[in-house]
Amino acid sequence: MAENLGANFSIDITNLKAGLAAANRAIRESESEFKAAAAGMGDWTKSQEGLEKRIATMNKTAEIQQAKVEALKKEYDRLISEGLDPTSAKATDLRIKINNETAALEKSKAEIEKNKTALEQMQAESKAAADKTESLTDKVKRQESELSDLKDRYKEVAATQGKNSDEAKALAQEITELSGDLKDNKKRLDDAGEAADDFDQSLKKAEKGGISAFTVALG
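Residues numbered from 1 in each chain as written. Predicted model: local features only at pLDDT ≥ 70, side-chain atom pairs only at ≥ 80, totals over all residues. Heavy atoms only, no water.

Novice: Any chance you could explain the overall build of the protein here in plain terms?
Specialist: On a plain count of helices and strands, the protein comes out with five helices and zero strands. Listing every helix and strand of the protein by position from the N terminus yields α-α-α-α-α. Counting every position in the protein, which comprises 219 residues, the buried fraction comes to 28%. Element-wise, carbon and sulfur atoms account for 51% of the exposed surface of the protein, whose accessible area totals about 14100 Å². (Helix = DSSP H or I, 4+ residues; strand = E, 2+ residues; numbered from the N terminus. Buried < 20%, exposed > 50% of the residue type's maximum accessible area, 1.4 Å probe, protein only. Areas by Shrake-Rupley, 256 points an atom, 1.4 Å probe, with all protein chains shown as cover.)

Written out as structure tokens, the structure is:
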């Protein structure tokens, strides 16, 4: 038997039974490693790290399962080419094993895709939240610049035309409205920062207690 437990798992059909046994051990070991890593995560499906580790584990599992399917098919083809009766019990048993291993492989692939979708959605939501905060920050900076320009313009008009001039009054109104908007946006930005800090602290406490981030988010 020749096998590689690294990036490309393979099974030599000259000793198929031993190769399949080694493959099953590798899958069990990989699964145990994931369980050990996920033990301290609470609900691993609610964390990016947990999903990434699960995807990596299932990729390895699927790779090994693929090797098992290929080895069984090669053995079946070899035996048939050597004259094994396709209707014999041995041939039937091999086909059943091929079908069962193929089903297990497809199940692993489905789990991988499910977790990839969950991870992509989590990453998208995180990016959207970051973009929203960044957008509000940019808006505050722009409004501060506009307000400064309006105040400079008002001083100039007030000095040359008087505070009671139509243009000065219009500028004063713009300054009042923009000041109000800027104040509201600054408060929203401060609230968002405080909420993020509070959530981060709650998450750290929850992780120490084995509570998931999802539970913390629900409050």
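Picking up after the structure, the text goes on.
Novice: Teacher, can you tell me more about the nonpolar core here?
Specialist: The tendency in soluble globular proteins is for nonpolar side chains to be buried side by side. Ranked by internal contacts, the top residues of the largest apolar core, which has 17 residues, are F9, I11, L16, I64 and L72. Only α1 (16-38), α2 (48-81) and α3 (89-161) provide two or more residues apiece to this core. The element contributing the most residues to this core is α2, with six residues. Ignoring sequence-local partners within four residues, the contact set of I64 consists of F9, A23, A26 and I27. If you look at the next biggest cluster of nonpolar residues, it comprises 12 residues, including M41, M58, A62 and I112. (Core = buried A, V, L, I, M, F, W, Y, C linked by side-chain atoms within 4.5 Å. Contact = heavy atoms within 4.5 Å.)

Novice: Would you take a moment to explain α2 for this structure?
Specialist: Since the α-helix advances by 3.6 residues per turn, residues separated by three or four positions end up pointing in the same direction. Between its first and last C-alpha atoms α2 spans 49 Å; for 34 residues at 1.5 Å apiece the expected length is 50 Å, and the two agree. Immediately downstream of α2, the backbone of G83 shows phi near 110°, a positive value. (Expected span 1.5 Å × (residues − 1).)

Novice: Before we go on, may I ask you to explain the side chain of E101 in this structure?
Specialist: As for its placement among the helices and strands, E101 is situated in helix α3. The exposure class assigned to E101 is buried, which follows from its relative accessible area of 17%. Filtering out sequence-adjacent residues up to four positions away, E101 remains in contact with K68, V69 and L72.

Novice: Before we go on, may I ask you to explain the packing of aromatic side chains in this structure?
Specialist: Aromatic rings considered in pairs are described by the distance between their centres and by the relative angle of their planes. Counted by the stated rule, this structure contains one aromatic pair. With centroids separated by 5.2 Å and ring planes inclined at 90°, the aromatic side chains of F34 and W44 adopt a geometry described as edge-to-face. Of this pair, F34 sits in helix α1 while W44 sits in the loop between α1 and α2; the two residues are 10 residues apart in sequence, bridging distant segments of the chain. Each member of the pair F34 and W44 is classed as buried. The lysine or arginine in question, R54, covers the ring of F34, its NZ or CZ lying 4.7 Å from the ring centre. (Phe/Tyr/Trp six-rings, centres within 6.5 Å; stacked < 30°, edge-to-face > 60°. Lys NZ or Arg CZ within 6 Å of the ring centre and 35° of its normal.)

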